[in-house]
Amino acid sequence: MSESLFVGMCQMVGTSKQVAIRRETADIEYMLRRQVITNKEVMKMLSGSHREGFRLKGSDFDYMFWPNNHRVIKDMSQYCNTANTTLILSDSTESPPGFALLELFTRSSYRQVQLACITMNDRVYISSSTYRQLTCSSVFPNSIEHGPCGSGYIVETFEYDIAWSFVSDCWPPSASSWIDRCHSWPGPEVVDDIIRNGFHFVAIGHPLGPHTNEEWRISFSQAEYKVVNSMNHCQFLTYGLLKLFLKEVINQQSEDTNKLLCSYHMKTTVFWAIQQNTLPHWCPQNLLAGFWVCFKLLLKWVYKGVCPNFFIPQNNLFLTKIHGPAQNRLFRQLHELYRKGLACLLQSSSIRSYIIDVLYNPTLSICTDESTLRFQVDYDVELVREASKVSIHTTNLFCLIKAKHTIEQMVYSPLTHYQAVTIRTFTSTLFQYTAFQLQNMYTNTGCNKQLYIADKISCQMLKLTAKFGFVSDMLYIAMYYYKTLRYMEALFVLEMTKVKLAQSYLMYRGYVDRERYTEAVGGQSWSTKMRQAVARDVNLGNRIGYISDLLLEQQCAQRDKTKSKLDIPVFVMLHFLEVLCYRHVDTTLSQAALDELQVLVHHDQGLYVRDVLRDISWEILGICQQITGNIQAALYSYKQSLTQYPFNNIQTATRRRIQDIVSHH
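The structure reproduced in this document is the subject of the present report.

Parameters at a glance
Within any chain, residue numbers begin from 1 and follow the written order of that chain's sequence. In keeping with the predicted nature of the model, local features appear solely for residues at pLDDT of at least 70, side-chain atom pairs appear and are counted solely at 80 or more, and the whole-chain, interface and lining totals rest on all residues. No hydrogens and no water enter the side-chain calculation; it runs on all heavy atoms of the structure. Per the convention used, a helix needs a DSSP run of H or I reaching at least four residues, while a strand needs a run of E reaching at least two, with both numbered from the N terminus. Here a residue-residue contact requires only that any non-hydrogen atoms of the pair lie within 4.5 Å. Buried means the residue's accessible area, taken with a 1.4 Å probe over protein chains only, is under 20% of the maximum for its type, while exposed means over 50%, and partly exposed covers the values in between. One bridge is not enough; two strands pair if DSSP finds at least two bridges between them. Like-charged residues are merged into a patch within 9 Å and nonpolar side chains (Val, Leu, Ile, Met, Phe, Trp, Tyr) within 5 Å, provided each residue has over 30% relative accessible area and no salt bridge. All accessible-area figures derive from a Shrake-Rupley calculation using a 1.4 Å probe, and residue coverage is judged against the displayed protein chains alone. A pairing counts as a salt bridge when a side-chain nitrogen of Lys or Arg comes within 4 Å of a carboxyl oxygen of Asp or Glu. In this analysis, rings of Phe, Tyr and Trp, with Trp reduced to its six-membered ring, are considered paired at centre separations within 6.5 Å, and the interplanar angle assigns stacked below 30 degrees, edge-to-face beyond 60, and tilted for intermediate values. Counted as over-ring charges are cases with an Arg CZ or a Lys NZ within 6 Å of the ring centre that also lie within 35 degrees of the ring normal. We define the nonpolar core as a collection of buried residues of types Ala, Val, Leu, Ile, Met, Phe, Trp, Tyr and Cys that are connected through side-chain atoms lying within 4.5 Å of one another. Counting of polar contacts relies on pairs of N or O atoms within 3.5 Å, with two restrictions inside protein: one atom must be capable of donating a hydrogen and the other of accepting it, and residues adjacent in sequence are counted only when both atoms are side-chain atoms. Working convention: axes come from line fits to C-alpha atoms, limited for helices to the stretch in contact. Angles between N-to-C directions cover 0 to 180 degrees. Comment on the angle field: the value is read as roughly parallel under 35 degrees, roughly antiparallel over 145, roughly perpendicular from 65 to 115, and oblique elsewhere. The sense of a crossing depends on the near helix, which, turned anticlockwise from the far helix by less than a right angle, makes the crossing left-handed and, turned clockwise, makes it right-handed.

## Here's the deal with the environment of W66
Within the secondary structure layout, W66 lies in strand 2 (residues 61-67). Taking the C-alpha atoms as reference points, W66 and A163, separated by 97 residues in sequence, lie 8.6 Å from one another. In this structure, W66 is in contact with Y30, E41, V42, M43, M45, W164, S165, F166, V167 and H200, ignoring residues within four places of it in sequence.

## Some thoughts on the pairing of strand 9 (residues 149-154)
Judged by how many residues are buried, strand 9 sits mostly within the fold: five of six residues are covered. Pairing geometry for strand 8 (residues 144-146) and strand 9, over three bridges, is antiparallel. Bridge pairing in strand 9 places I144 opposite S151. Two successive antiparallel strands, strand 8 and strand 9, enclose a turn made up of two residues, where G147 displays a positive phi of approximately 60°.

## Comments concerning a nonpolar patch on the surface
Where nonpolar side chains cluster on the molecular surface, the patch consists of Y452, I453 and I457 and spans about 290 Å² of accessible area. Tracing the sequence through the fold places Y452 in helix 17 (residues 448-468). Owing to a relative accessible area of 53%, Y452 belongs among the exposed residues under this scheme.

## Section: the packing of aromatic side chains
The full count for this structure, using the stated rule, is 36 aromatic pairs. A centroid spacing of 6.0 Å and a plane angle of 70° characterise the contact between W171 and F311, whose relative ring orientation is edge-to-face. Residue W171 is located in the loop between strand 10 (158-168) and helix 6 (176-181), and its partner F311 is located in the loop between helix 11 (287-304) and helix 12 (324-339); the two are separated by 140 residues in the primary sequence. Accessibility classification places W171 together with F311 in one group, the buried group. Grouped by ring-pair contacts, the aromatic residues W171, W178, W185, F199, F201, F220, F271, W272, F310 and F311 constitute a single cluster. Lying over the aromatic face of Y379, K17 brings its terminal NZ or CZ to 4.5 Å of the ring centre.

## Let's talk about the nonpolar core
Among the nonpolar cores identified, the biggest contains 185 residues, and L261, F311, M479 and I568 are the most heavily contacted of them. Considering every element that reaches this core, the biggest residue donor is helix 11, with 12 residues. The contact partners of L261, leaving out residues within four places of it in the chain, are L246, I250, N251, M266, L298, F318, I322, L330 and L334. Membership of the second largest hydrophobic core comes to 18 residues, among which are V377, Y418, Y517 and A533.

## Here's the deal with the side chain of R132
Note that R132 resides in helix 5 (residues 128-135). By relative accessible area, which is 14% here, R132 ends up buried. Within the structure, R132 has its side chain in polar contact with the backbone oxygen of A203 (distance 2.7 Å). If we ignore the near neighbours within four places in the chain, the residues touching R132 are E145, G147, P148, A203 and I204.

## Some remarks on unusual backbone geometry
The step from W185 to P186 runs through a cis peptide bond, and the omega angle for that step is -10°. Tracing the backbone through its elements, the reader meets P186 in the loop between helix 6 and helix 7 (188-196). For N142, which is not glycine, the phi torsion reads 60° and is therefore positive. Mapping N142 onto the fold places it in the loop between helix 5 and strand 8. Residue N142 is classed as exposed on the basis of its relative accessible area of 71%. Even without being a glycine, R509 presents a positive backbone phi close to 55°.

## What to know about the pattern of salt bridges
In total, this model carries 25 salt bridges according to the counting rule given. One salt bridge connects R71 with D169, and the closest N-O pair in it is separated by 2.9 Å. Residue R71 is found in strand 3 (residues 70-73), and its partner D169 is found in the loop between strand 10 and helix 6; the two are separated by 98 residues along the sequence. With a relative accessible area of 14%, R71 lands in the buried category. A relative accessible area of 40% means that D169 is categorised as partly exposed. Among the charged side chains, a salt-bridge network with shared partners connects E52, E224 and K267.

## Describing the packing of helix 24 (residues 587-603) against helix 25 (residues 614-627)
Direction vectors running N to C along helix 24 and helix 25 enclose 150°, while the axes themselves pass 10 Å from each other. In terms of axis orientation, helix 24 runs roughly antiparallel to helix 25. Here helix 24 and helix 25 pass one another in a crossing that is left-handed. Each of L594, L597, Q598, V601 and H602 in helix 24 lies in contact with helix 25, whose residues at this interface are R614, S617, W618, I620, L621, C624 and Q625.

Here is the structure:
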């Protein structure tokens, strides 16, 4: 049964190779971001289950943000560079374990920090409740406060939790006992790495503390990721199994206990079970034994009303949440499941079939060799999907050059295959940004020689991206030629791109004809696969001018500060550029391209145009219709754009375009 369930969990959660792809690409992004982001900018880090490598249905996206030039310290001896850094002193003398007051020691230039300041005992502190309110909707509008986070949904399927925090480079004294406890797991290298990278404070106080509205909670999000990373795959799948059991069994049974236990409690259970060495061998044959060890530990904690934080055991995660009648009901519910033994897993819709298969056929031979569970094309899809998420948006030429140097250093350091592909993908984006930024810088300087040199470098960079980037990266060359009035060159590139995008083996958005893809590029280098058979959506950084026809959309989205880039479906962008270029060459062909674009936007069922990108797709169709004189059709398209989910945040631009049509006609 354990082996059957191991295979099933690999299919639901991912094989160790798939999980490694997800983690390593996220790690590269974070490493690059740390190198490139300037001291005055905001740092962003993916955290939670997505960062850990889960892609379970319904998993939310957790992000942590913090001002890069703010640091929390214990005392002044910890920090000497005060010139460019806002210092915050942590004071945990009056707070429960795992919480602290944050005293603003030096002046902050951040408006939200200034507005959240309060005075207590002649000292200035940052109020967690005020700061949480001020930052709640700063990334996504209309977010709702949920714990220390601003939460909401992108469309209906993607839930997000965004926590604004402050970072501390040192390890908190209250967690020093954790270091002493790590005799065998996690290993000394992992422990050293965790201590070296510090922790965060998130904006929520202890409900029973003396300063609930002012206190901040210690977050070990970064440390937890490293601990999860040190698990073997069977331990990780046990964690996944507990998450599924919570969602599909415990939370389905009773509304009263629905919110009492959360995924974080499951993670804490696995951490303690592994560290206490309650199971000597975590392997596929022992998956159910591992689950049962964790479930019994959880049951014991609910009985006692104590769930000790893995890093600060004195911090009881059940306090104020699991006590009194609710605790009794939850214990009875879990004890009833415990009495059923492992048969309680049959109540999980996802897990049931893998157990029943073996019950009906006890002699069934099961192979737990992961290499037999996935084909190479599955890993290619995973790698493209994850590597394409890596993006850092900056127009600062100094930062772009810094990023280039960082990549050069990385290329000469030992890299895994997944990291190398991620760096290739990021480098193509970096070159595209630099190419357009150079052209923009020298266009109106009046110096033809400088413009000529900049143009030559830009063209060279964009042609390089076509050599080591995706098929869709060729569209940036066409865009550049259109921007610099070289319409015939642009159309030549568009024709080549169109041929490649029409191939039956093309991989786009995870859709691929596996057989034809394997026939065409199977066994070839990743470079060939990317250049010949893989496309992704077009991303335009909102602080860079690409083509004048979309400047309004970029400017409006940037002003709202919620979107750093426009995401455009690759086929929409292809037809858009065809319409624009053919207008200067052959109006009949321009109309034909517009007709193709119209059919795509009106009739696509999510294959080439993702639901979340329908706002920009209708907008682009409207722009094309407006410039070709079909005003009524343009108005209809703009109105359709306004009814879509505002993923690209272009509504202000859309309304302005509608107003422009109404006032002129």
